[in-house]
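Examination of the molecular architecture
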Amino acid sequence: MSQLLTIAAEAEMENPLVPPVPELVIGLIAFLIVFGFLAKKLLPNINKVLEERREAIEGGIEKADAAQTEAQSVLEQYKAQLAEARHEAARLRQEAQEQGAVILQEMRAEGQRQREEIIAAGHAQIEADRKTAASALRQDVGKLATDLAGKLVGESLEDYARQSGTVDRFLDELEAKAEAVR
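Bear in mind that the values here come from a model prediction, so they are computed numbers and not experimental data. (Residues numbered from 1 in each chain as written. Predicted model: local features only at pLDDT ≥ 70, side-chain atom pairs only at ≥ 80, totals over all residues. Heavy atoms only, no water.)

**Topic: the overall build of the chain**
Along the backbone of the chain there are 3 helices and 0 strands. Counting from the amino terminus, helix and strand elements in the chain follow one another as α-α-α. (Helix = DSSP H or I, 4+ residues; strand = E, 2+ residues; numbered from the N terminus.)

**As for the pattern of salt bridges**
For the coordinates displayed, the defined rule picks out 8 salt bridges. Salt-bridge contacts for Glu58 lead to Arg54; the nearest nitrogen and oxygen are separated by 2.7 Å. Within this pair, Glu58 and its partner Arg54 are both found in helix α2 (residues 21-153), separated by 4 residues, close to a single helical turn. One salt bridge in this structure joins Glu116 and Arg115, with 3.6 Å as the shortest N-O distance. The partly exposed category is assigned to Arg115, whose relative accessible area is 43%. One network of salt bridges, with partners in common, ties together Glu51, Arg54 and Glu58. (Salt bridge = Lys/Arg side-chain N within 4 Å of Asp/Glu carboxyl O. Buried < 20%, exposed > 50% of the residue type's maximum accessible area, 1.4 Å probe, protein only.)

**Some details on the packing of aromatic side chains**
Applying the stated criterion to the full structure yields 1 aromatic pair. Between Phe31 and Phe35, the ring centres sit 6.1 Å apart and the planes meet at 20 degrees, which makes this aromatic pair stacked. Note that Phe31 and Phe35 are positioned in helix α2 at a spacing of 4 residues, about one turn of the helix. (Phe/Tyr/Trp six-rings, centres within 6.5 Å; stacked < 30°, edge-to-face > 60°.)

**Quick notes on a nonpolar patch on the surface**
Together, Val34, Phe37, Leu38, Leu42, Leu43, Ile46 and Leu50 make up a nonpolar patch on the protein surface, roughly 620 Å² of accessible area in all. For Leu38, a relative accessible area of 36% translates into the label partly exposed. (Patch = residues over 30% accessible without salt bridge, like charges linked within 9 Å, V, L, I, M, F, W, Y side chains within 5 Å. Areas by Shrake-Rupley, 256 points an atom, 1.4 Å probe, with all protein chains shown as cover.)

And the structure:
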């Protein structure tokens, strides 16, 4: 068995994967020194950079949240203003329709009034023209009648007063007959 132990001990020494103990201790001490140096000098700088990045990210998120909140409030204000503008436009449209209806009614009333005035003026003009025509017709008929009567009688009936009375009586009788027929 001792022979086996010596072979195992020799085999351990010859194993290239397992370093000798003094090298292992020196390597461990060197590693601890480098690790301590890195922990003292490099790790605070790394932590500082990471902290700054975290703060920048959190600040960016806070700014984004604030911007989103502000955008939301602006959107709500815009929607409220838009609703108010629509309401105002509807109110103005309603007022315009009401005013248009009133103006249209006034124009119709004015048109009706003017129509009535024109019709009344037309009737008055027709009546005046009728009277003028009747008067002219009376004179013409009277003159023709006196001329005819004068030719029949054989003497001149030129006396205006007599002529006018005779003609007026004759025409009044004709008008009375015409109204009786109606």
